[in-house]
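Read off the chains here:
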Amino acid sequence: MRKATTLALLATGLVALGCGAGSTDDATSSKADAGDAKGDDKPAKVAKIGQPARDGKFEFTVKSSKCGVAKIGTDLIGAKAQGQFCLVTLNVKNIGKESQMFDGSSQKAYAANGTEYSADGGAAIYANKNAETFLNDINPGNQVTGVVVFDIPKKVKLAKLELHDSPFSGGVTVSLT
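Model, not experiment: these values are computed from the prediction.

Criteria and thresholds
- Residues numbered from 1 in each chain as written.
- Predicted model: local features only at pLDDT ≥ 70, side-chain atom pairs only at ≥ 80, totals over all residues.
- Heavy atoms only, no water.
- Helix = DSSP H or I, 4+ residues; strand = E, 2+ residues; numbered from the N terminus.
- Buried < 20%, exposed > 50% of the residue type's maximum accessible area, 1.4 Å probe, protein only.
- Lys, Arg positive; Asp, Glu negative; His and termini not counted.
- Salt bridge = Lys/Arg side-chain N within 4 Å of Asp/Glu carboxyl O.
- Polar contact = N/O pair within 3.5 Å; in protein donor to acceptor, adjacent residues only side chain to side chain.
- Contact = heavy atoms within 4.5 Å.
- Core = buried A, V, L, I, M, F, W, Y, C linked by side-chain atoms within 4.5 Å.
- Pairing = 2+ DSSP bridges.
- Axes fitted to C-alpha atoms, helices over the stretch in contact; angles between N-to-C directions.

Undergrad: What should I look at first to understand the side chain of aspartate 151 in this one?
TA: Tracing the backbone through its elements, the reader meets aspartate 151 in strand S9 (residues 143-152). The buried charged residue aspartate 151 lacks any salt bridge partner; its closest oppositely charged side chain belongs to lysine 154, at an N-O distance of 9.5 Å. Looking at aspartate 151, its side chain comes within polar contact range of the main-chain nitrogen of glycine 83, at 3.1 Å. If near-sequence neighbours (up to four positions away) are discounted, aspartate 151 is found in contact with Ala81, Gln82, Gly83, Gln84, Phe85, Tyr117 and Asp120.

See the structure below:
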């Protein structure tokens, strides 16, 4: 009887360890890994200005990109660029089944040499007439249009954007050239 109880406990422990190991692997895999598993030989689709591109619950359409802006806002309040501001006008549509918050700080811009630039959320407040454009949840089927601002060196030209529905998503690339 004692051997049977010991074997039963040992078997239960091994099953629990096996289940836990599988859970750990699934929890650490990312959306990017899942995307790679579907077709390693297929290059990622790159959208252009005016073309919709999807990442997670959002469909992004870059309307325009304007660089060389030295200051945003009014004479009384605003933001001055360290180098130059690049203003990216973006439409974001929620294609999911739950509300989702657009986070401007999750968006990235890249120069042709691969240098990554983060969005400037402080300057974006002055670039958007409705300061809450990207601060509220976007409900399913709804969309908002606003400006994401990047402060980059004066002589740099942006080549592409990497847009994300959340800080942890794989992202989608939009070419600016």
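Moving on from the coordinates now.
Undergrad: Please explain the nonpolar core as it appears in this structure.
TA: Across soluble globular proteins, you tend to see nonpolar side chains buried next to one another. If you look at the biggest cluster of nonpolar residues, it comprises 23 residues, and the most contacted ones within it are Phe60, Val62, Leu90, Phe102, Phe150, Leu161 and Leu163. Put simply, the parts of the chain that give this core at least two residues each are strand S3 (58-73), strand S4 (78-94), strand S6 (108-111), S9, strand S10 (158-163) and strand S11 (172-175). At four residues, the largest contribution of residues to this core is made by S4. In this view, valine 62 contacts Ile49, Gly50, Val88, Thr89, Leu90, Leu161, Leu163, Val174 and Leu176; residues no more than four positions away in its chain are not counted. Core analysis: the second largest hydrophobic core is formed by 10 residues, Ala79, Ala123, Val147 and Val149 among them.

Undergrad: In this structure, what is going on with the sheet that holds S11? I would like to understand it.
TA: What holds strands together in a sheet is hydrogen bonding between their backbones, with the strands either parallel or antiparallel. On the basis of which strands lie adjacent, the open sheet formed by five strands has the order S1-S11-S10-S6-S7 and mixed pairing. Edge strands, defined here as strands with exactly one partner in the open sheet, are strand S1 (46-48) and strand S7 (116-118). Going across the sheet, the axis of each strand differs from the next one's by a mean of 30°, ignoring polarity. Bridge count between S6 and S10: four bridges; the pairing is antiparallel. Looking at the pairing, lysine 108 lines up with glutamate 162 of S10.

Undergrad: Hey, could you run me through the pairing of strand S2 (residues 52-55) in this one?
TA: When a strand is regular, its side chains alternate between the sheet's two faces. The alternating pattern of S2 places Ala53 and Asp55 on a buried face, while none of Pro52 and Arg54, on the opposite face, is buried. Pairing of S2 with S3 involves four bridges; the strand directions are antiparallel. Its bridge partner being in S3, arginine 54 is matched across the sheet by glutamate 59. Where S2 folds back onto S3 in an antiparallel hairpin, the turn is made up of two residues, including glycine 56, whose phi is positive at roughly 60°.

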